[in-house]
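Descriptive structure summary
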Amino acid sequence: MTVPSLALPRRPVPAVGTACFRGDDILLIRRGTKPLAGDWSLPGGRLEFGEQVGAAALRELHEETGVSARLVGLVDVVDAIFTSRRTGETNRHYVLFDYAALWVSGEPVAGDDAAHAEWISPDRLDRLGLWDETRRIINAARILATAGSRIA
């Protein structure tokens, strides 16, 4: 007798990222865990059940870097779809809600699943091998952050 599969349907995972600025510098992390261990990224992570998206962005920023910030706006919603190198099948799908923020307090200290956290000057960004979407989000977030700093 064949038993039907009870596997739940695979679904995208909601997650957040925060492009936090202190002056011209942006706060980035080096990932300490899979996926993308060792890669530079915006601080972020999964949305928790019952948590508002903006609150999640600030929580993840603080957990991964020790920095507190003020959100100035939603930059974009991005699909991060990962495929298996072996089979080519989609094996992970994150829907990333990326926010722009302005630094309020704290100095970067890697925490949670970040291996390193650091303020990065604009002239260093091109040397980090960032994902194209991360660079696009940083550029768009910089525009929001500049407008947000004038309002503060």
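Let me begin by describing the structure that accompanies this report. (Residues numbered from 1 in each chain as written. Predicted model: local features only at pLDDT ≥ 70, side-chain atom pairs only at ≥ 80, totals over all residues. Heavy atoms only, no water.)

1. Brief notes about the layout of surface pockets
Considering only enclosed or pocket space, the largest pocket measures out at about 690 Å³ in volume. Around the largest pocket sit 33 residues that line it, and R31, L36, S41, F82 and L96 are the ones nearest its centre. Looking at the lining of the largest pocket, the elements with two or more residues in it are β1 (13-22), β3 (40-41), β4 (44-46), α1 (53-65), β5 (68-83), β6 (90-105) and α2 (132-151). Per element, the largest residue contribution to the lining of the largest pocket is four residues, and it comes from β5. (1 Å grid on protein atoms, 1.4 Å probe; cavity = no way out; pocket = protein on both sides within 12 Å on 5 of 7 lines; lining within 4 Å. Points joined across faces, edges and corners; volume = space filled by probe spheres on them. Helix = DSSP H or I, 4+ residues; strand = E, 2+ residues; numbered from the N terminus.)

2. Some details on the packing of aromatic side chains
Overall, the coordinates contain one aromatic pair when judged by the stated rule. With a centroid separation of 6.1 Å and 80 degrees between ring planes, the pair formed by F82 and Y94 is classed as edge-to-face. Placement of F82 in strand β5 and of Y94 in strand β6 is noted, with a sequence separation of twelve residues between them. For F82, a relative accessible area of 19% translates into the label buried. Here Y94 falls in the buried class, since its relative accessible area comes to 12%. Of note, R22 hangs over the ring of W103, and the distance from its end group to the ring centre comes to 5.3 Å. A cation over a ring is seen here: R92 above F82, with NZ or CZ 4.9 Å from the ring centre. (Phe/Tyr/Trp six-rings, centres within 6.5 Å; stacked < 30°, edge-to-face > 60°. Buried < 20%, exposed > 50% of the residue type's maximum accessible area, 1.4 Å probe, protein only. Lys NZ or Arg CZ within 6 Å of the ring centre and 35° of its normal.)

3. Let's talk about α1
An ideal rise of 1.5 Å per residue puts 18 Å on 13 residues; α1 measures up with 18 Å between its terminal C-alpha atoms. Those residues of α1 lying buried are G54, A56, A57, R59, E60, L61, E64 and T65. For α1, the secondary structure elements touched by its buried residues are β1, β2 (25-31), β4, β5, β6 and β7 (114-120). Following α1 by one or two positions, G66 adopts a phi angle in the positive range, close to 80 degrees. (Expected span 1.5 Å × (residues − 1). Contact = heavy atoms within 4.5 Å.)

4. Remarks on the pairing of β1
Consecutive side chains of a regular strand alternate in pointing toward one face of the sheet and then the other. Counted residue by residue, β1 has seven buried out of ten residues, so it is predominantly covered. Note: β1 against β6, nine bridges, orientation parallel. Each residue of the ladder has a partner; that of V16, found in β6, is F97. For β1 and β4, the ladder comprises three bridges, and the chain directions are antiparallel. Its bridge partner being in β4, V16 is matched across the sheet by G45. With two bridges connecting them, β1 and β2 associate as antiparallel partners. Within the sheet, the bridge partner assigned to R22 lies in β2 and is D25. Between β1 and β2, which pair antiparallel and follow one another directly, the connecting turn spans two residues, one of which, G23, has a positive phi of 65 degrees. (Pairing = 2+ DSSP bridges.)

No statement about biological role is implied by the geometric values presented.
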